[in-house]
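Remarks on the overall topology
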Amino acid sequence: MIDTENDGPPQLSAETLKALQEWQQEQEQNRAANRPQEDWQLSQFWYNNETANRLMNEVIAILPENGRCAFIACPTVWSLMRKEHPEIHNVLFEYDTRFDTGDHSFVEYDYKDDEHIEQNYANLKHSFDVLIIDPPFLSRECFEKVSHLAKLIGKVTPPCKHIICTGAIQEDNIKEFFPSADRVTFQPRHERNLMNPFACFVDYESKTLNTE
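Everything quoted here is computed from the prediction, not taken from an experiment.

**Focus: the pattern of salt bridges**
Applying the stated criterion across every chain, the model contains 7 salt bridges. Note that Asp96 and Arg98 form a salt bridge whose closest N and O atoms lie 2.8 Å from each other. Here Glu144 and Arg140 are joined by a salt bridge, their closest N and O atoms 3.5 Å apart. Here Glu144 and its partner Arg140 are both found in helix H5 (residues 140-153), 4 residues apart, which amounts to about one turn of the helix. Overall, the relative accessible area of 42% leaves Arg140 in the partly exposed class. A single network of salt bridges, built from pairs that share partners, joins Arg140, Glu144 and Glu176.

**Notes on unusual backbone geometry**
The omega torsion across Thr157 and Pro158 is -15°, close enough to zero to call that bond cis. Here Pro158 is to be found in the loop between H5 and strand E5 (161-167). The backbone of Asn66 sits at a positive phi, close to 60°, despite the residue not being glycine. Assignment of secondary structure puts Asn66 in the loop between helix H2 (49-62) and strand E1 (68-72). Backbone geometry at Ala73 places phi at a positive 55°, although glycine is not the residue there. If you trace the backbone, Ala73 turns up in the loop between E1 and helix H3 (75-84).

**Things to note about the state of the cysteines**
For the structure on display, the rule yields 0 disulfides. Cys74 forms no disulfide, and the closest cysteine sulfur to it belongs to Cys165, at a distance of 6.3 Å. On the basis of relative accessibility, which here comes to 1%, the residue Cys74 falls in the buried class.

**Focus on H2**
For H2, built from 14 residues, the straight-helix expectation of 20 Å at 1.5 Å per residue is met to within 8% by its first-to-last C-alpha distance of 20 Å. Among the residues of H2, Thr51, Ala52, Arg54, Leu55, Met56, Glu58, Val59 and Ile62 are the ones counted as buried.

**A short note on the confidence of the model for the chain**
For the chain, per-residue confidence averages 84 on the pLDDT scale, and 77% of positions sit at 70 or higher. Across the chain, element-level confidence peaks in strand E4 (residues 130-133) with a mean pLDDT of 98 and bottoms out in helix H1 (residues 14-32) with 49. Taken together, the stretch residues 1-5 has pLDDT below 50 and engages in 1 contact with residues farther than four places along the chain or on a different chain.

**Observations concerning the packing of aromatic side chains**
In total, this model carries 5 aromatic pairs according to the counting rule given. Plain terms: the ring middles of Trp78 and Phe99 are 6.3 Å apart, the flat faces sit at 80° to each other, and that makes the pair edge-to-face. Here the residue Trp78 occupies a position in helix H3, and Phe99 occupies one in the loop between strand E2 (89-94) and strand E3 (106-108), the gap between them amounting to 21 residues. Between Tyr111 and Phe137 the ring centres are 6.1 Å apart and the planes differ by 50°, which places this aromatic pair in the tilted class. Of this pair, Tyr111 sits in the loop between E3 and helix H4 (117-120) while Phe137 sits in the loop between E4 and H5, placing them 26 residues apart in sequence. Residue classification places Phe137 among the partly exposed positions, given a relative accessible area of 33%. One aromatic cluster in this structure is built from Phe93, Tyr109, Tyr121 and Phe128. If you follow Arg68 out to its NZ or CZ, it ends over the ring of Phe128, 5.0 Å from the centre.

Rules of the game
- Residues numbered from 1 in each chain as written.
- Predicted model: local features only at pLDDT ≥ 70, side-chain atom pairs only at ≥ 80, totals over all residues.
- Heavy atoms only, no water.
- Salt bridge = Lys/Arg side-chain N within 4 Å of Asp/Glu carboxyl O.
- Helix = DSSP H or I, 4+ residues; strand = E, 2+ residues; numbered from the N terminus.
- Buried < 20%, exposed > 50% of the residue type's maximum accessible area, 1.4 Å probe, protein only.
- Disulfide = S-S within 2.5 Å.
- Expected span 1.5 Å × (residues − 1).
- pLDDT = per-residue confidence, 0-100.
- Contact = heavy atoms within 4.5 Å.
- Phe/Tyr/Trp six-rings, centres within 6.5 Å; stacked < 30°, edge-to-face > 60°.
- Lys NZ or Arg CZ within 6 Å of the ring centre and 35° of its normal.

Right, dumping it as C-alpha coordinates:
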(Lines give C-alpha, C1' and ligand atoms only; values in the text may rest on other atoms or scores of the structure.)
Protein backbone atom coordinates (compact mmCIF):
# COMPACT_ATOMS: atom_id res chain seq x y z
CA MET A 1 0.00 0.00 0.00
CA ILE A 2 1.34 3.43 -0.92
CA ASP A 3 1.83 5.96 1.85
CA THR A 4 0.32 9.04 0.28
CA GLU A 5 1.44 11.25 3.18
CA ASN A 6 5.09 10.80 2.11
CA ASP A 7 4.50 11.26 -1.60
CA GLY A 8 6.19 14.25 -3.21
CA PRO A 9 9.64 15.38 -4.32
CA PRO A 10 12.60 14.15 -2.23
CA GLN A 11 14.02 16.66 0.22
CA LEU A 12 17.77 17.35 0.46
CA SER A 13 19.46 17.82 3.79
CA ALA A 14 20.77 21.30 4.57
CA GLU A 15 24.36 20.06 4.23
CA THR A 16 23.72 18.42 0.86
CA LEU A 17 21.84 21.48 -0.40
CA LYS A 18 24.74 23.74 0.61
CA ALA A 19 27.25 21.50 -1.20
CA LEU A 20 25.07 21.49 -4.32
CA GLN A 21 24.76 25.28 -4.28
CA GLU A 22 28.53 25.67 -3.89
CA TRP A 23 29.12 23.29 -6.82
CA GLN A 24 26.66 25.19 -8.99
CA GLN A 25 28.35 28.47 -8.07
CA GLU A 26 31.76 27.04 -9.01
CA GLN A 27 30.43 25.88 -12.37
CA GLU A 28 29.00 29.32 -13.06
CA GLN A 29 32.27 31.01 -12.12
CA ASN A 30 34.22 28.65 -14.37
CA ARG A 31 31.86 29.33 -17.29
CA ALA A 32 32.11 33.09 -16.72
CA ALA A 33 35.90 32.90 -16.64
CA ASN A 34 35.93 30.57 -19.65
CA ARG A 35 38.04 27.97 -17.83
CA PRO A 36 37.64 24.21 -17.32
CA GLN A 37 36.72 22.61 -14.04
CA GLU A 38 39.62 21.74 -11.72
CA ASP A 39 41.24 18.34 -12.25
CA TRP A 40 42.54 17.26 -8.86
CA GLN A 41 44.63 14.48 -10.40
CA LEU A 42 46.63 17.25 -12.07
CA SER A 43 46.85 19.11 -8.74
CA GLN A 44 44.69 21.94 -10.10
CA PHE A 45 43.22 24.43 -7.64
CA TRP A 46 42.01 27.74 -9.05
CA TYR A 47 42.75 31.03 -7.32
CA ASN A 48 39.81 33.03 -6.05
CA ASN A 49 38.92 36.25 -7.87
CA GLU A 50 40.73 38.53 -5.41
CA THR A 51 44.00 36.62 -5.78
CA ALA A 52 43.77 36.45 -9.58
CA ASN A 53 43.14 40.19 -9.77
CA ARG A 54 45.96 41.04 -7.36
CA LEU A 55 48.46 39.03 -9.38
CA MET A 56 47.19 40.43 -12.68
CA ASN A 57 47.52 43.99 -11.38
CA GLU A 58 51.06 43.30 -10.20
CA VAL A 59 52.00 42.07 -13.66
CA ILE A 60 50.54 45.21 -15.23
CA ALA A 61 52.47 47.37 -12.75
CA ILE A 62 55.87 45.81 -13.52
CA LEU A 63 55.56 44.87 -17.18
CA PRO A 64 57.51 47.21 -19.47
CA GLU A 65 55.90 48.74 -22.53
CA ASN A 66 55.33 46.02 -25.13
CA GLY A 67 56.58 43.50 -22.58
CA ARG A 68 55.75 39.80 -22.55
CA CYS A 69 54.53 37.71 -19.65
CA ALA A 70 54.46 33.93 -19.28
CA PHE A 71 52.38 31.90 -16.84
CA ILE A 72 53.86 28.53 -15.85
CA ALA A 73 51.11 26.18 -14.63
CA CYS A 74 49.06 29.23 -13.61
CA PRO A 75 45.95 29.25 -15.81
CA THR A 76 43.70 31.25 -13.48
CA VAL A 77 45.60 34.52 -13.85
CA TRP A 78 46.34 33.85 -17.52
CA SER A 79 42.62 33.43 -18.25
CA LEU A 80 41.81 36.67 -16.46
CA MET A 81 44.60 38.55 -18.23
CA ARG A 82 43.39 37.37 -21.64
CA LYS A 83 39.88 38.53 -20.80
CA GLU A 84 40.71 41.89 -19.22
CA HIS A 85 43.85 42.87 -21.16
CA PRO A 86 43.93 41.14 -24.55
CA GLU A 87 46.41 43.75 -25.74
CA ILE A 88 49.11 42.29 -23.46
CA HIS A 89 51.20 39.50 -24.94
CA ASN A 90 50.93 36.59 -22.51
CA VAL A 91 51.56 32.86 -22.86
CA LEU A 92 50.47 29.92 -20.73
CA PHE A 93 52.84 26.96 -20.31
CA GLU A 94 50.50 24.20 -19.18
CA TYR A 95 50.12 20.40 -19.27
CA ASP A 96 46.32 20.48 -19.50
CA THR A 97 45.42 20.87 -23.17
CA ARG A 98 41.86 21.90 -22.29
CA PHE A 99 43.35 25.40 -22.13
CA ASP A 100 44.65 25.22 -25.69
CA THR A 101 43.33 28.31 -27.45
CA GLY A 102 44.52 27.31 -30.91
CA ASP A 103 46.89 30.26 -31.07
CA HIS A 104 50.32 31.20 -29.74
CA SER A 105 49.07 32.06 -26.24
CA PHE A 106 49.11 28.39 -25.17
CA VAL A 107 52.21 26.18 -25.05
CA GLU A 108 51.92 22.56 -23.97
CA TYR A 109 54.36 21.91 -21.13
CA ASP A 110 55.18 18.81 -19.08
CA TYR A 111 57.68 19.56 -16.33
CA LYS A 112 58.78 15.90 -16.35
CA ASP A 113 60.05 16.26 -19.93
CA ASP A 114 63.01 18.27 -18.70
CA GLU A 115 65.53 16.76 -21.11
CA HIS A 116 63.89 18.36 -24.13
CA ILE A 117 63.10 21.90 -22.98
CA GLU A 118 65.94 23.44 -25.03
CA GLN A 119 64.62 21.69 -28.10
CA ASN A 120 60.92 22.21 -27.39
CA TYR A 121 61.09 25.92 -26.55
CA ALA A 122 64.12 27.14 -28.49
CA ASN A 123 61.99 29.75 -30.27
CA LEU A 124 60.98 31.25 -26.89
CA LYS A 125 64.43 31.40 -25.34
CA HIS A 126 64.94 34.58 -23.27
CA SER A 127 61.61 35.99 -24.50
CA PHE A 128 59.72 37.03 -21.36
CA ASP A 129 59.96 40.04 -19.06
CA VAL A 130 57.77 38.59 -16.29
CA LEU A 131 57.02 35.02 -15.21
CA ILE A 132 54.25 33.92 -12.86
CA ILE A 133 55.05 30.45 -11.60
CA ASP A 134 52.86 28.05 -9.66
CA PRO A 135 54.66 24.68 -9.67
CA PRO A 136 51.98 22.01 -10.04
CA PHE A 137 53.43 19.71 -7.37
CA LEU A 138 55.07 20.45 -4.03
CA SER A 139 58.23 18.46 -4.59
CA ARG A 140 61.89 19.31 -5.00
CA GLU A 141 61.96 17.58 -8.39
CA CYS A 142 59.11 19.70 -9.69
CA PHE A 143 60.68 22.96 -8.46
CA GLU A 144 64.04 22.10 -9.97
CA LYS A 145 62.62 21.28 -13.39
CA VAL A 146 60.29 24.27 -13.46
CA SER A 147 63.26 26.49 -12.58
CA HIS A 148 65.07 25.16 -15.69
CA LEU A 149 62.20 26.36 -17.88
CA ALA A 150 62.14 29.72 -16.09
CA LYS A 151 65.85 30.25 -16.76
CA LEU A 152 65.40 29.29 -20.39
CA ILE A 153 62.47 31.52 -21.29
CA GLY A 154 63.14 34.51 -19.00
CA LYS A 155 65.03 37.50 -20.35
CA VAL A 156 68.62 37.99 -19.22
CA THR A 157 68.94 41.74 -19.86
CA PRO A 158 67.13 43.39 -18.25
CA PRO A 159 66.59 40.41 -15.95
CA CYS A 160 63.22 38.71 -15.96
CA LYS A 161 61.06 39.29 -12.89
CA HIS A 162 59.60 36.22 -11.17
CA ILE A 163 56.41 35.88 -9.13
CA ILE A 164 56.24 32.45 -7.51
CA CYS A 165 53.12 31.20 -5.73
CA THR A 166 53.32 27.93 -3.84
CA GLY A 167 52.82 26.25 -0.51
CA ALA A 168 54.49 28.15 2.32
CA ILE A 169 56.32 24.96 3.33
CA GLN A 170 58.28 25.13 0.06
CA GLU A 171 60.41 28.09 1.15
CA ASP A 172 63.60 25.98 1.17
CA ASN A 173 63.00 24.97 -2.46
CA ILE A 174 62.40 28.60 -3.37
CA LYS A 175 65.72 29.59 -1.80
CA GLU A 176 67.54 26.80 -3.63
CA PHE A 177 66.14 27.29 -7.12
CA PHE A 178 65.13 30.98 -7.04
CA PRO A 179 67.73 32.35 -4.59
CA SER A 180 66.91 36.01 -5.23
CA ALA A 181 63.24 35.62 -4.37
CA ASP A 182 61.85 36.80 -1.03
CA ARG A 183 58.46 36.26 0.53
CA VAL A 184 55.97 39.13 0.30
CA THR A 185 53.05 39.97 2.56
CA PHE A 186 50.36 38.99 0.07
CA GLN A 187 49.01 35.46 0.55
CA PRO A 188 47.39 33.75 -2.46
CA ARG A 189 44.03 32.13 -1.78
CA HIS A 190 41.97 29.60 -3.71
CA GLU A 191 38.31 29.04 -4.44
CA ARG A 192 38.62 25.95 -2.28
CA ASN A 193 40.22 26.33 1.12
CA LEU A 194 43.39 24.25 0.93
CA MET A 195 44.94 22.69 4.00
CA ASN A 196 48.42 23.95 3.06
CA PRO A 197 48.73 27.75 3.36
CA PHE A 198 50.11 29.42 0.27
CA ALA A 199 52.76 32.12 0.00
CA CYS A 200 54.08 34.43 -2.70
CA PHE A 201 57.75 35.14 -3.48
CA VAL A 202 59.27 37.74 -5.82
CA ASP A 203 62.83 38.62 -6.84
CA TYR A 204 62.32 42.36 -7.29
CA GLU A 205 60.78 45.27 -5.39
CA SER A 206 57.06 44.57 -5.61
CA LYS A 207 54.63 47.31 -6.56
CA THR A 208 51.48 45.92 -4.95
CA LEU A 209 52.15 42.64 -3.11
CA ASN A 210 53.58 43.83 0.19
CA THR A 211 50.18 44.55 1.68
CA GLU A 212 47.55 42.08 2.86
